[in-house]
2 protein chains.
Amino acid sequence: MNIVVQKYGGSSVSDAERMKNVAKKIQSKVLKGFKVLAVVSAMGDTTNRLIKLANEIVQRPEPRELDMLLTTGEQISASLLAMVLNEMGINARSVNAFQLKIITTSDFTEAQIKNVNREYIYQSLEKYDVLVVTGFQGITEEGDLTTLGRGGSDTSAVALAAYLKAPCEIYSNFPGIYTVDPKLYPQAKKLKYVTHDEMLEMAALGAKVLHPRSVEIAKKYNVTIYCASSFSDEEGSYVVSAYENYLEEPTVTGLSADDNQIQVTILNLPTDFLLVNKVFEVAAENNLNIDMISMINDHDKVNVSFSIVESGLENVDKVFNGFLKNVDGTKINYKNGLVKISIVGVGMRKARGVASRFFKAMENIPITLVTTSEIKISCLVPTEYKNRAVNILAKEFNL
Amino acid sequence: MNIVVQKYGGSSVSDAERMKNVAKKIQSKVLKGFKVLAVVSAMGDTTNRLIKLANEIVQRPEPRELDMLLTTGEQISASLLAMVLNEMGINARSVNAFQLKIITTSDFTEAQIKNVNREYIYQSLEKYDVLVVTGFQGITEEGDLTTLGRGGSDTSAVALAAYLKAPCEIYSNFPGIYTVDPKLYPQAKKLKYVTHDEMLEMAALGAKVLHPRSVEIAKKYNVTIYCASSFSDEEGSYVVSAYENYLEEPTVTGLSADDNQIQVTILNLPTDFLLVNKVFEVAAENNLNIDMISMINDHDKVNVSFSIVESGLENVDKVFNGFLKNVDGTKINYKNGLVKISIVGVGMRKARGVASRFFKAMENIPITLVTTSEIKISCLVPTEYKNRAVNILAKEFNL
């Protein structure tokens, strides 16, 4: 049995016309002899509307009941898509988390998939060419409905592909994965191949196309994901475990730019790692999302600098000033209006001189923080230099 | 364990305010020491909106998929009501057809309940004071979702009450069951008791408050149903199996008036019952809803007269003229603009002279058709006599 798992996002099934378009894509796979598991999200902004409905009715919706509510969104889109397929003469049926027995942990609103009833799928695919699967949801061992959190339908699709050892195709309104966001750099190239590791590092590029969590599962179970547009037949991008099976690996695969960064620099902290640790504990307790961290230990003083995203400067100031005011000689600085520019590529592991090329290219741009990993270099620059930095780096690394 | 089954219709849970009101009703039962199974319908006109959505997307929605779609409506209202109850500090949870294992036949869109997992209910009620149950739905033995057809939530509630041998309370926007529709006869009295048989005969009175199908189940399993308003604490009406446990039975319990009746009279049919039968077969094939039937066999000719509801005169004419044009000497007449007036009462079985009182009261009103059952007398009269007939009969039988 030749099985393929496909996933269609909310915008791909947001109305009758788009649903028919999706049905045609599924049909073309069926005509090629495939059995299709079509995982769908809720139509358009249904999930947000349901959350709003709950918040209008109660102050703090109970998570178990919220999941009971939210899972209806995918059941609606799945049943409608099955109707469309049936009308086209395709032998299809919709199935929900109960029917597939997608067993998850009981962490309501962010459950993790533990198992899937493969036998049910194989038996159903004997009778039907297409199973339209409700994405984003599962059930606990006790039979309570759960949801998988943001990007949950991607996770459903990749998990099903992993269990069935089937290829996974994820369709959205993005025609693939680009070296740079085309809105930022219109000459950006579409990548034919990109690795799981690169996708995980390129959160900003990837998150729109693929939720990082689904990429983690894909990496763990070695699932190749094909990402393409639901609205055209344009060739998309493959997310693979390694380039070796495909072609010479490029040194730098992609570039991303993340706005709205705040840089916090704490100077002259005593060399007391409990105290340094406390900085990050305080941040976590206050739900500050810390990203880049750089720490330099100079003699008996530690200087720490880190970036924070999605938080107001005022809030950040309140958190750290309160905590540091009793530490003698310590100085704290904030900068906002920064953008994080990163280049990513698994080829950087082997290639030499990437960092030097990076800094040479950026020589006229004021960089306020740098961090690196094996396959990534990131820096913070003032937002007014964003476009210049993107263009310089995209040209330097031929993106 | 003191269990009560309550049912709240779509208009009772149509918005946040009404849902909170329902929650208070449930709370007052819990405070009295009851465990409550609260069966809910979909909010407001959700079911109709979902049907419309399906019809916009496909010409003829596949019934199995339509049920998959429609069952989401009750899951939404059940989860929201459970949230409201939880916020009020009541230990409640929503449960759907999968969780309760409400097993039905696989007649999609009009399935019949076959079984319910009582053990699950008892176990859940050990932990929770309230189970908010999705009405109108079940699952097949194979795990496909089904719906129970019109009035399905009433059916769910009565069936659960029957399985649990618990009392059943049905709340709607009607404060109870009246001798006559108060819109027609404002002096109408609210009945404290009415029997299942009377409810079944008084379709027009009862259907708004209780779906006939649920009354059939209640009659079969001897379930007493309490019908009252979800919006007030006004005492409602009890639907019981017989009056003997309660009080002296009234002769006539209620009066109903059904508009839009067409009377078809076929004269001089040959005495050939295959031919007479054919009349009704043809009607059924053309989806004509035949109600009253009167047939008089005079020598070698049969005269048949019957009423048809919810159909245009033109359509009726087309059906019968086509079929009768080859039967010599047969004459067909139509009358429209008629109303069916009925009086109902199980006491009529014993009481004498009810028919005579009926006809005497109606002596100045032109009656065009009469049929009777053991507990009912119905007649057709021109619509312009409707109010007069209602008033005369209501006074005559003290309704």
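What counts and how
- Residues numbered from 1 in each chain as written.
- Chains lettered and ligands numbered in written order.
- Predicted model: local features only at pLDDT ≥ 70, side-chain atom pairs only at ≥ 80, totals over all residues.
- Heavy atoms only, no water.
- UniProt positions renumbered as here; feature names shortened; annotations may be inferred.
- Helix = DSSP H or I, 4+ residues; strand = E, 2+ residues; numbered from the N terminus.
- Buried < 20%, exposed > 50% of the residue type's maximum accessible area, 1.4 Å probe, protein only.
- Contact = heavy atoms within 4.5 Å.
- Polar contact = N/O pair within 3.5 Å; in protein donor to acceptor, adjacent residues only side chain to side chain.
- Buried area = accessible area lost by both parts, 1.4 Å probe.
- Salt bridge = Lys/Arg side-chain N within 4 Å of Asp/Glu carboxyl O.
- Pairing = 2+ DSSP bridges.
- Axes fitted to C-alpha atoms, helices over the stretch in contact; angles between N-to-C directions.
- Domains from an automatic or database assignment.
- Expected span 1.5 Å × (residues − 1).

- The name given to chain A in an unreviewed UniProt entry is Aspartokinase, with the source organism recorded as Defluviitoga tunisiensis.
- Listed under Catalytic activity (unreviewed entry) in UniProt, the entry text for chain A is "L-aspartate + ATP = 4-phospho-L-aspartate + ADP".

1. Some points on the UniProt feature "binding site: ATP" (unreviewed entry) in chain A
Residue and element names in this part refer to chain A.
Line of reasoning, step 1. As recorded in UniProt, the sites labelled "binding site: ATP" (unreviewed entry) are K7, Y8, G9, G10, Y178, K208 and V209.
Line of reasoning, step 2. Looking at the secondary structure, you find K7 in strand β1 (residues 3–8).
Line of reasoning, step 3. The exposure class assigned to K7 is buried, which follows from its relative accessible area of 8%.
Line of reasoning, step 4. Sequence-distant contacts of K7, defined by excluding residues within four places in its chain, comprise V39, S41, S153, D154, A157, E169, I170 and Y171.
Line of reasoning, step 5. Separated by 2.8 Å, the side chains of K7 and D154 make a polar contact.
Line of reasoning, step 6. Position of Y8 among the secondary structure elements: in strand β1.
Line of reasoning, step 7. Setting aside residues up to four positions removed in sequence, Y8 forms contacts with V13, V22, K25, I26, V39, V40, S41, Y171 and S230.

2. Some remarks on the interface of chain B and chain A
Many structure descriptions define interface size as the accessible area lost when the parts assemble.
Line of reasoning, step 1. Opposite the 39 residues of chain B that make contact, chain A presents 39 residues.
Line of reasoning, step 2. Summed over both partners, the interface of chain B with chain A comes to about 3200 Å²; 64% of that surface belongs to carbon and sulfur atoms.
Line of reasoning, step 3. At the boundary of chain B with chain A, the tally comes to two salt bridges.
Line of reasoning, step 4. For the salt bridge of R93(A) with D144(B), the shortest nitrogen-to-oxygen distance reads 3.2 Å.

3. Side note on the sheet that holds strand β15 (residues 301–309) of chain A
All names here are of chain A.
Line of reasoning, step 1. If you walk across this open sheet you meet the six strands as β14-β15-β13-β16-β18-β17, and the pairing is antiparallel. The sheet terminates laterally at β14 (289–298) and β17 (369–373), the two strands that pair on one side only. Averaged over all pairs of adjacent strands, the angle between strand axes in this sheet comes to 30 degrees, irrespective of strand direction.
Line of reasoning, step 2. Note: strand β13 (residues 254–270) against strand β16 (residues 331–344), eleven bridges, orientation antiparallel.

4. Examining the domain arrangement of chain A
Residues and elements named next belong to chain A.
Line of reasoning, step 1. Each assigned domain of chain A is listed with its residue range as follows: domain 1 (3–245) and domain 2 (254–396).
Line of reasoning, step 2. The C-alpha-based centres of domain 1 and domain 2 are spaced at 34 Å.
Line of reasoning, step 3. Facing the 13 residues of domain 1 at the interface are 18 residues of domain 2.
Line of reasoning, step 4. Counting the surface lost from both domain 1 and domain 2, the interface buries some 1200 Å², and carbon and sulfur atoms represent 66% of this.
Line of reasoning, step 5. Counting the surface domain 1 buries against domain 2, the share from its top three residues, L184, Y185 and E201, is 47%.
Line of reasoning, step 6. Our count for the contact surface shared by domain 1 and domain 2 stands at one salt bridge.
Line of reasoning, step 7. Put simply, K376 and E201 hold a salt bridge, and the shortest N to O gap is 3.4 Å.
Line of reasoning, step 8. Across the domain 1-domain 2 interface, the total number found is four residue pairs in polar contact (both at pLDDT 80 or more).

5. A few points about helix α6 (residues 152–164) of chain A
All names here are of chain A.
Line of reasoning, step 1. The first and last C-alpha atoms of α6 sit 18 Å apart over 13 residues, in line with the 18 Å expected at 1.5 Å per residue.
Line of reasoning, step 2. Buried residues dominate α6, accounting for twelve of its 13 residues.
Line of reasoning, step 3. Here α6 has its buried residues at G152, S153, D154, T155, S156, A157, V158, A159, L160, A161, A162 and L164.
Line of reasoning, step 4. Remark: K165 follows α6 within two positions and exhibits a positive phi of approximately 50 degrees.

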